[in-house]
Amino acid sequence: MTAPRALPAPHASPLDLGGRTALVTGAAGGIGRACVLRLAAAGAKVRAVDRDAAGLETLADQGRGLAGTVEPHVLDLTDLDAAELAAAGTDVLVNNAGIQLVRPIEEFPPEVFHTVLTVMLEAPFRLIRGALPHMYGQRWGRVVNVSSVHGLRASAYKSAYVAAKHGLEGLSKTTALEGAPHGVTSNCVNPAYVRTPLVEKQLADQARAHGMPEERVLAEVLLKDSAVKRLIEPEEVAEAVAYLCGPQASFVTGSSLVLDGGWTAH
């Protein structure tokens, strides 16, 4: 009887993005800021894209001394042509930018619905479209779409956000299928509520929508379906993004990496 073959001990190589160019949208704060700093720490030259010029300058100061560089790029993602151009030549694309408005459907402003889908679905499409020729040419690329548990589950009063995130999941999977023969992976990261300015604003909006204090909204609405009763830190999401950019994840594509504290286990 042949003895089973011994497997090598697990070995995790540190993420090395030296010589790579990354682009992160929504970079001035929250998850985007954490992703920029994490990828720059791994050696990447990071194009930090946001419409918040002052926030980008602060981020650039925070990035000094890292192995890579942080390059501020002021851009409003509703300018879709400019977004596509900004993605040219990138090796790693992190679609993170997001906006939120909490309203019942019958009270939801149509113009805000349109803007949410433009920023959170159409702009990622244009960014991916701009990035893929370079990725295909070198037969390597990483597309990471910061989705949400709301890309997998719906919540009341968030019609635009939920629609955009569900659409982003489909876009990510299509990119994975088309990119696989060219060495390009595409995945989503799906956090529940993260400690960001966007979530802080949601607390206030939900408090008005439900007619209750913000502390009750956190416990009874935002964390109601989470088994782990806390907000996620932006740095935890950035580590998931970094994992998907590393060599250990080269076979991971078309997937959704869920960081929801057990929400979708129900």
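Residues numbered from 1 in each chain as written. Predicted model: local features only at pLDDT ≥ 70, side-chain atom pairs only at ≥ 80, totals over all residues. Heavy atoms only, no water.

1. Comments concerning the packing of aromatic side chains
No. 1: Summed over the entire model, instances satisfying the criterion amount to two aromatic pairs.
No. 2: Each ring, one from Phe-108 and one from Phe-113, has its centre 6.2 Å from the other, and the planes form 85 degrees; the classification is edge-to-face.
No. 3: Accessibility expressed as a relative area gives 9% for Phe-108, which makes it buried.
No. 4: Taking NZ or CZ as reference, Arg-20 lies 3.8 Å from the ring centre of Trp-140, over its face. (Phe/Tyr/Trp six-rings, centres within 6.5 Å; stacked < 30°, edge-to-face > 60°. Buried < 20%, exposed > 50% of the residue type's maximum accessible area, 1.4 Å probe, protein only. Lys NZ or Arg CZ within 6 Å of the ring centre and 35° of its normal.)

2. Regarding the packing of helix H4 (residues 110-138) against helix H5 (residues 159-179)
No. 1: For the pair H4 and H5, interaxial distance at closest approach is 8 Å and the crossing angle is 15 degrees. Judged by the angle between their axes, H4 and H5 are roughly parallel. Both H4 and H5 take part in a crossing whose hand is right-handed. The residues of H5 that touch H4, namely those facing Phe-113, Val-116, Leu-117, Met-120, Leu-121, Pro-124, Phe-125, Ile-128 and Tyr-136, are Ser-159, Ala-160, Tyr-161, Ala-163, Ala-164, Lys-165, Gly-167, Leu-168, Leu-171, Thr-175, Glu-178 and Gly-179.
No. 2: Classifying every residue of the contact of H4 with H5 gives 15 nonpolar, four polar and two charged. (Axes fitted to C-alpha atoms, helices over the stretch in contact; angles between N-to-C directions. Helix = DSSP H or I, 4+ residues; strand = E, 2+ residues; numbered from the N terminus. Parallel < 35°, antiparallel > 145°, perpendicular 65-115°, else oblique. Left-handed = near helix turned anticlockwise from the far one by under 90°. Contact = heavy atoms within 4.5 Å. Nonpolar A, V, L, I, M, F, W, Y, C, P; charged D, E, K, R; others polar.)

3. A closer look at the sheet that holds strand E7 (residues 256-259)
No. 1: One open sheet accounts for seven strands, arranged E3-E2-E1-E4-E5-E6-E7; its pairing is parallel. In the strand order of this sheet, the two ends are held by strand E3 (69-74) and E7, each with one partner. The average undirected angle you get between the axes of adjacent strands in this sheet is 15 degrees.
No. 2: Relative to strand E4 (residues 92-95), strand E1 (residues 21-25) runs parallel, the two being bridged by three bridges. Residue pairing in the sheet places Ala-22 in a bridge with Val-92 of E4. (Pairing = 2+ DSSP bridges.)

4. Remarks on the nonpolar core
Inside soluble globular proteins, nonpolar side chains tend to come together where they are buried.
No. 1: In terms of nonpolar packing, the biggest core is built from 48 residues, with Val-24, Val-36, Leu-39, Val-46, Leu-59 and Val-94 touching the most fellow members.
No. 2: Look past the residues within four positions of Leu-59 in its chain and what remains in contact with it is Ala-27, Arg-33, Val-36, Leu-37, Ala-48 and Val-70.
No. 3: Of all hydrophobic cores here, the second largest spans 28 residues; its members include Leu-23, Ala-160, Leu-168 and Val-184. (Core = buried A, V, L, I, M, F, W, Y, C linked by side-chain atoms within 4.5 Å.)

5. What to know about the side chain of Asp-91
No. 1: Note that Asp-91 resides in the loop between helix H3 (80-86) and E4.
No. 2: For Asp-91, which is buried and forms no salt bridge, the nearest opposite charge comes from Arg-20, at a distance of 4.2 Å.
No. 3: Reaching out from Asp-91, the side chain makes a polar contact with the side chain of His-134 at a distance of 2.8 Å. (Lys, Arg positive; Asp, Glu negative; His and termini not counted. Salt bridge = Lys/Arg side-chain N within 4 Å of Asp/Glu carboxyl O. Polar contact = N/O pair within 3.5 Å; in protein donor to acceptor, adjacent residues only side chain to side chain.)

6. What about the pattern of salt bridges?
No. 1: Throughout the structure, instances matching the rule amount to 10 salt bridges.
No. 2: Between Glu-236 and Arg-230 there is a salt bridge, with its nearest N and O atoms 3.0 Å apart.
No. 3: Since its relative accessible area comes to 34%, Glu-236 is described here as partly exposed.
No. 4: One continuous salt-bridge network, built from bridges that share partners, spans Asp-81, Glu-84, Arg-126 and Arg-129.

Everything listed here is a matter of coordinates, which is why it stays silent on function.
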